Amino acid sequence: TTAPVAVKYDPAAILKYGTVQAVSLDPVKQGSPCEVTQMRLIYDTLTRFDLDNKLQPMLAQSWTLDSPTVLTMKLRTGVKFQDGTAFDADAAKFNLDRVLTDPVSNTKALLSMVDNVAVVDPSTIKITMKFASGGPRGPNHAPALVHRARHGLLDDAMPSGTKDGDREGGVQLR
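Residues numbered from 1 in each chain as written. Predicted model: local features only at pLDDT ≥ 70, side-chain atom pairs only at ≥ 80, totals over all residues. Heavy atoms only, no water.

K.L.:
Explain the overall build of the chain to me, please; I cannot follow it from the model alone.
P.N.:
Summing up its helical and strand segments, the chain has three helices and ten strands in all. Tracing the chain from N to C terminus, the helices and strands come up as α-β-β-β-β-β-α-β-β-α-β-β-β. Looking at the 174 residues of the chain, the share that counts as buried comes to 36%. The contacts in the chain between residues at least 6 apart in sequence include a share of 53% that link residues at least 24 apart. (Helix = DSSP H or I, 4+ residues; strand = E, 2+ residues; numbered from the N terminus. Buried < 20%, exposed > 50% of the residue type's maximum accessible area, 1.4 Å probe, protein only. Contact = heavy atoms within 4.5 Å.)

Now the structure itself:
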């Protein structure tokens, strides 16, 4: 048996917490910043911004702006969805296409500059935009806007050994 542990407590302490219920956990239906926060705990994105507001890889391990209207993204390999299905370029295309075409999508305006998404090979997608990518982030503008499509690319998987900002390692299902 284990002896009870003595715990010091402050009877005058105040415990504060908050809760906000999401209307939907479907990424294309997100409507509030609270839902975005909750979905970040469930879904991974292609890119993310770090604390210095610099674009960082997540499911997209690298990207190139081939021309002012063409963005190529190399995707992380060895990643699986919660059900064991492999994440690949077809899955990324499906999810980006869904953001753009689903009648209930609240996020399609975030990718309004996207003309089409094509699968180049199992780990590469090519995104063609309707107009030249410029914007305040220069060459990072296009992948940053793809980041804005937010979530829905990977359900409930996170590389093992992950700390915020550390994406090395294999997949560990939560």
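K.L.:
Got a minute to help me understand the pattern of salt bridges in this structure?
P.N.:
When the charged atoms of two side chains lie near each other, side chains of opposite charge can form a pair. Applying the stated criterion across every chain, the model contains four salt bridges. Between Asp 102 and Arg 98 there is a salt bridge; the shortest N-O distance is 3.2 Å. What makes Arg 98 partly exposed here is its relative accessible area of 24%. Shared partners join several salt bridges into a network, and the residues in it are Asp 26, Arg 98 and Asp 102. (Salt bridge = Lys/Arg side-chain N within 4 Å of Asp/Glu carboxyl O.)

K.L.:
Please explain the sheet that holds strand β7 (residues 124–129) as it appears in this structure.
P.N.:
Strand pairing in a sheet relies on backbone hydrogen bonds, with the paired strands running either antiparallel or parallel. Read from one edge of the open sheet, four strands run β4-β5-β7-β6, paired in antiparallel fashion. With partners counted over all chains shown, the strands left at the sheet margins are β4 (60–67) and β6 (114–121), one partner each. Averaged over all adjacent pairs, the angle separating strand axes in this sheet is 20°, with direction ignored. Here strand β5 (residues 70–75) pairs with β7 via five bridges, running antiparallel. If you follow Lys 74 over to β7, its bridge partner there is Thr 124. Across the face of the sheet, helix α2 (residues 89–101) comes into contact with β5, β6 and β7 while running at roughly 170° to β6. (Pairing = 2+ DSSP bridges. Axes fitted to C-alpha atoms, helices over the stretch in contact; angles between N-to-C directions.)

K.L.:
Explain the packing of aromatic side chains here, please?
P.N.:
For any pair of aromatic rings, geometry is given as the distance between the ring centres together with the angle between the planes. For the coordinates displayed, the defined rule picks out one aromatic pair. Measuring from ring centre to ring centre gives 6.3 Å for Phe 81 and Phe 87, while their planes differ by 65°; the resulting arrangement is edge-to-face. For Phe 81, a relative accessible area of 16% translates into the label buried. Residue classification places Phe 87 among the buried positions, given a relative accessible area of 4%. (Phe/Tyr/Trp six-rings, centres within 6.5 Å; stacked < 30°, edge-to-face > 60°.)

K.L.:
Whenever I open this one, the pairing of β5 confuses me. Can you help?
P.N.:
Looking down a regular strand, the side chains alternate between one sheet face and the other. Within β5, five of the six residues are buried, which leaves it mostly tucked inside the rest of the structure. Two strands pair when backbone bridges link them, and β4 and β5 are joined in this way by six bridges, in the antiparallel orientation. What sits directly across from Leu 65, in β5, is Leu 71. Here β4 folds back onto β5 in antiparallel fashion, the turn holding two residues.

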